[in-house]
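Survey of secondary and tertiary structure
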Amino acid sequence: MKWSDPLRLSAYIATIIILVSTVTLKMMGYKYPNTFYAALIISVCTLVSIFLFSHYTVFKKIQTVSDEIEKSLSKKKKNKMGDFDEKSSLDVLNNAVNRLIKEKATEIDTLKESEKYRREFLGNVAHELRSPIFNIQGYVHTLLEGAMEDETVRNKFLKKAANNIDLLSDLVNDLVTISLIESGEMMLEHTRFSLNELIKEVMDLEETQAKEKDISLLLKTENTEVAYVFADKQKIKQVLLNLINNSVKYGKEEGATTITISDMNTEWGIEVSDNGDGIAAEHLPRIFERFYRVDKNRERSEGGSGLGLAIVKHFIEAHKHKIYATSSVGIGSIFSFSLDKAKENE
Ligand code: ADP
C-alpha cells in the first residue's frame, strides 16, 4: 500500500493518542509496561478505524471530485496533470481546482469578448438601419400630409424613398452574408471559370454608374492567354463587384479604374486600381473592419453599408488567399489579391 493520505493522517493521530493515553493511564495509576501496552492497543484500534473511515469516506470523495474536475477540463490541460498517482489526493484536488479556475477564467474572458462584439454589432446594425428608415418615414408622411398633390414634389419624394429602400435592401443582404460567414455556414463551391469573362461581366454591371462620373473601366492582362481559376464564381463575382463599385464610388470624375490580371506561377494576381481620393495611412489598416468608414460625415446615400470590404476580405480568406490595400491620398488606391490557377483536369 502507498503512503497515502489516510495512512499518514492515521499515523499522526495514533502517535498523539499513544502519547495522550500513556500520560492519562499513568496518571490513573497504571504501571509500566501495562500502561504502554494498553496505550498501544488503543492506538492501533484508533489507527485502523481512522484509516478505514477516512479512506472510504473523505479521501474516496476527494478522489471522485478530482476525477470529475479532471474530466471537465479540456483534453490538453488534462494531459498536463501528469504525475497524478504520485501526489496525495489533496495535492491532486488542489491542482485540479487551480486548473479549473484558470480554464473558467479564460472562458469568462472569451464570453465577455463575444458579448462586447455582439453589443457593438447590434449597435452598428441599429445605427445603419435608423437613417434609411427615418428618411422613408419622413418622405411618406410628408406625401400623405399633402405634398402628394404637387406632382414634382411627389415624384422627387418617391424617388428618394425608393433610393432609401434600395439602401436598406443592400444593407440587409450584406448583413445576411456577414452572418452566414461568421456562423461558419458559408460553403464554397469551387468550379473552373475564366477570370477575364467574369471581370468583363462585372464591368458591364458597373458601366452605368461609372458613366455617371465619366470614369473609364479598363481590363489589362499581362499575357494573352485566358486566366482560368479554380474558385467559387459567385463569391469572386461579389468581390469584384464590391471593389470595382468602390473604385467608382470613391473615384474622381473623369477618372479611371483599371483591373489587371497578372501571371504569378501557380496563381493569378488581380489588381483593382483607381485614381480617386485615396485613403490616408491611419485609416488603411482598418478599412476591412465591419462598418468602418473613412469619412464618417459622408452622406450615407453616397457610401454603402460599410460591410463591402469586410465581405471581400472574408471571401478571399475563405479561398486561403489574402487581400492587400495600398493607397496615397490624392493619387488613388490599389486593392490586390490572388487566386489559384485552375489545373487542366479541374
Ligand atoms: P462602404 O460601404 O462604405 O463603401 P466598404 O467596406 O466597401 O464600405 O469600404 C470601407 C471604407 O473604405 C469606405 O467607406 C471608404 O471610406 C474606404 N474605401 C474603400 N474603397 C475605397 C477606394 N477605392 N478609394 C477610397 N476609399 C475607399
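Everything numeric here is computed off the predicted structure, so don't read it as measured data.

Next up on the list: the site of the ligand. Inspection of the region around the ligand gives 19 residues, with N246, Y250, D274, G306 and L309 positioned closest. Between the ligand and N246, the relevant distance is 2.8 Å, taken from an oxygen atom to a side-chain nitrogen or oxygen of the residue. In the model, a nitrogen atom of the ligand is placed 2.9 Å from a nitrogen or oxygen of the D274 side chain. Notes on the ligand: free accessible area 530 Å², of which the protein chains cover 95%. Those elements that place two or more of their residues in the shell around the ligand are helix 7 (233–249), helix 8 (308–318) and strand 7 (332–340).

Before going further, it helps to examine the pattern of salt bridges. A pair can form between side chains of opposite charge whenever their charged atoms are brought close. One pass over the full model with this rule turns up 12 salt bridges. Put simply, K71 and E68 hold a salt bridge, and the shortest N to O gap is 3.3 Å. You can see K71 and its partner E68 sitting in helix 2 (residues 34–72), 3 residues apart, about one turn around the helix. Measuring nitrogen to oxygen at the nearest pair gives 2.9 Å for the salt bridge that ties E289 to R286. We classify E289 as partly exposed; its relative accessible area is 34%.

Backbone hydrogen bonds hold the strands of a sheet together, and the pairing may be parallel or antiparallel. The 5 strands are arranged 2-4-5-7-6 in an open sheet whose pairing can be described as mixed. Only two strands of the sheet have a single neighbouring strand rather than two, namely strand 2 (216–221) and strand 6 (323–328). Neighbour to neighbour, the strand axes of the sheet diverge by 15° on average, direction disregarded. Where strand 6 and strand 7 come together, 6 bridges link them in antiparallel fashion. Within strand 7, the residue paired with S328 across the bridge is G332.

Next up on the list: the pairing of strand 6. Taking every second residue as pointing to the same face, the buried face of strand 6 carries I323, A325 and S327, while none of Y324, T326 and S328 on the other face is buried. Between the antiparallel neighbours strand 6 and strand 7 lie 3 residues, among them G330 with a positive phi of about 85°.

The subject of this paragraph is helix 5 (residues 151–182). Between its first and last C-alpha, helix 5 extends 46 Å over 32 residues, near the 46 Å set by a 1.5 Å rise per residue. Buried within helix 5 are the following residues: F157, A161, N164, L167, L168, L171, D174, L175, I178 and I181. Buried positions along helix 5 lie against helix 4 (89–144) and helix 8. With a side-chain oxygen positioned 3.0 Å from the backbone nitrogen of T152, the residue opening helix 5 is D150. After helix 5 finishes, the residue G184 shows a positive phi value of roughly 75°.

Right, let's get into the packing of helix 4 against helix 5. Two quantities define a packed helix pair, namely the angle between the helix axes and the distance between the axes. Across the interface, helix 4 lies against helix 5 with an axial gap of 8 Å and an inter-helix angle of 160°. For the element pair helix 4 / helix 5, the angle class is roughly antiparallel. The hand of the helix 4/helix 5 crossing is left-handed. Of the residues in helix 5, those touching helix 4 at Y117, F121, V125, E128, L129, P132, I133, N135, I136, Y139, T142 and L143 are R154, F157, L158, K160, A161, N164, I165, L168, L171, L175, I178 and E182. Residue composition of the contact of helix 4 with helix 5, by class: 17 nonpolar, 3 polar and 4 charged.

Turning our eyes to something else, we now look at a nonpolar patch on the surface. Together, F36, Y37, L40, V44, V48, L52 and Y56 line one region of the surface with nonpolar side chains, adding up to about 660 Å² of accessible area. Along the chain, the position of L52 falls in helix 2. With a relative accessible area of 42%, L52 lands in the partly exposed category.

Relative orientation of the contacting elements helix 2 and helix 4 amounts to 30°, with a least axis distance of 9 Å. As the angle between them shows, helix 2 and helix 4 are arranged roughly parallel. For the pair helix 2 and helix 4, the crossing hand works out as left-handed. Across the interface between the two elements, F59, I62, Q63, V65, S66, I69 and S72 from helix 2 touch S89, L90, V92, L93, A96, V97, L100 and E103 from helix 4. Broken down by class, the residue content of the contact of helix 2 with helix 4 amounts to 10 nonpolar, 4 polar and 1 charged.

The rules behind these values
- Along every chain, residues carry numbers that run from 1 in the direction the sequence is written.
- At least 70 in pLDDT is required for a residue's local features to be given in this predicted model, at least 80 for side-chain atom pairs to be given and counted, and no such filter applies to totals for whole chains, interfaces and linings, which use all residues.
- Computation of side-chain values: all heavy atoms of the structure, hydrogens and water removed.
- We call a residue near a molecule or strand whenever a single non-hydrogen atom of that residue lies within 4 Å of it.
- Counting of polar contacts relies on pairs of N or O atoms within 3.5 Å, with two restrictions inside protein: one atom must be capable of donating a hydrogen and the other of accepting it, and residues adjacent in sequence are counted only when both atoms are side-chain atoms.
- The method behind every accessible area is Shrake-Rupley, applied with a 1.4 Å probe, and residues are considered shielded solely by the protein chains displayed.
- The way it works is that DSSP assigns letters per residue, a run of H or I at least four long becomes a helix, a run of E at least two long becomes a strand, and they are numbered from the N terminus.
- Definition used for salt bridges: Asp or Glu carboxyl oxygen within 4 Å of a side-chain nitrogen of Lys or Arg.
- The rule is simple: take the accessible area with a 1.4 Å probe, protein chains only, and divide by the maximum for that residue type; under 20% is buried, over 50% is exposed, in between is partly exposed.
- Pairing between two strands is assigned when DSSP locates at least 2 bridges connecting them.
- The convention used is that axes are lines fitted to C-alpha atoms, helices contributing only their stretch in contact, and that angles between N-to-C directions extend from 0 to 180 degrees.
- Here a helix's expected span is defined as the number of its residues, less one, multiplied by 1.5 Å.
- Whether two residues are in contact is decided by their heavy atoms: any pair within 4.5 Å suffices.
- Roughly parallel covers angles under 35 degrees, roughly antiparallel covers those over 145, roughly perpendicular covers 65 to 115, and oblique covers all other angles.
- Take the far helix as your reference; a near helix turned counterclockwise from it by less than a right angle gives a left-handed crossing, and one turned clockwise gives a right-handed crossing.
- Note that Gly is not counted as nonpolar here; it falls among the polar residues with everything else outside the nonpolar set of Ala, Val, Leu, Ile, Met, Phe, Trp, Tyr, Cys and Pro and the charged set of Asp, Glu, Lys and Arg.
- Two distance rules govern patches: like charges are joined within 9 Å, and nonpolar side chains (Val, Leu, Ile, Met, Phe, Trp, Tyr) within 5 Å, applied only to residues with over 30% relative accessible area and no salt bridge.

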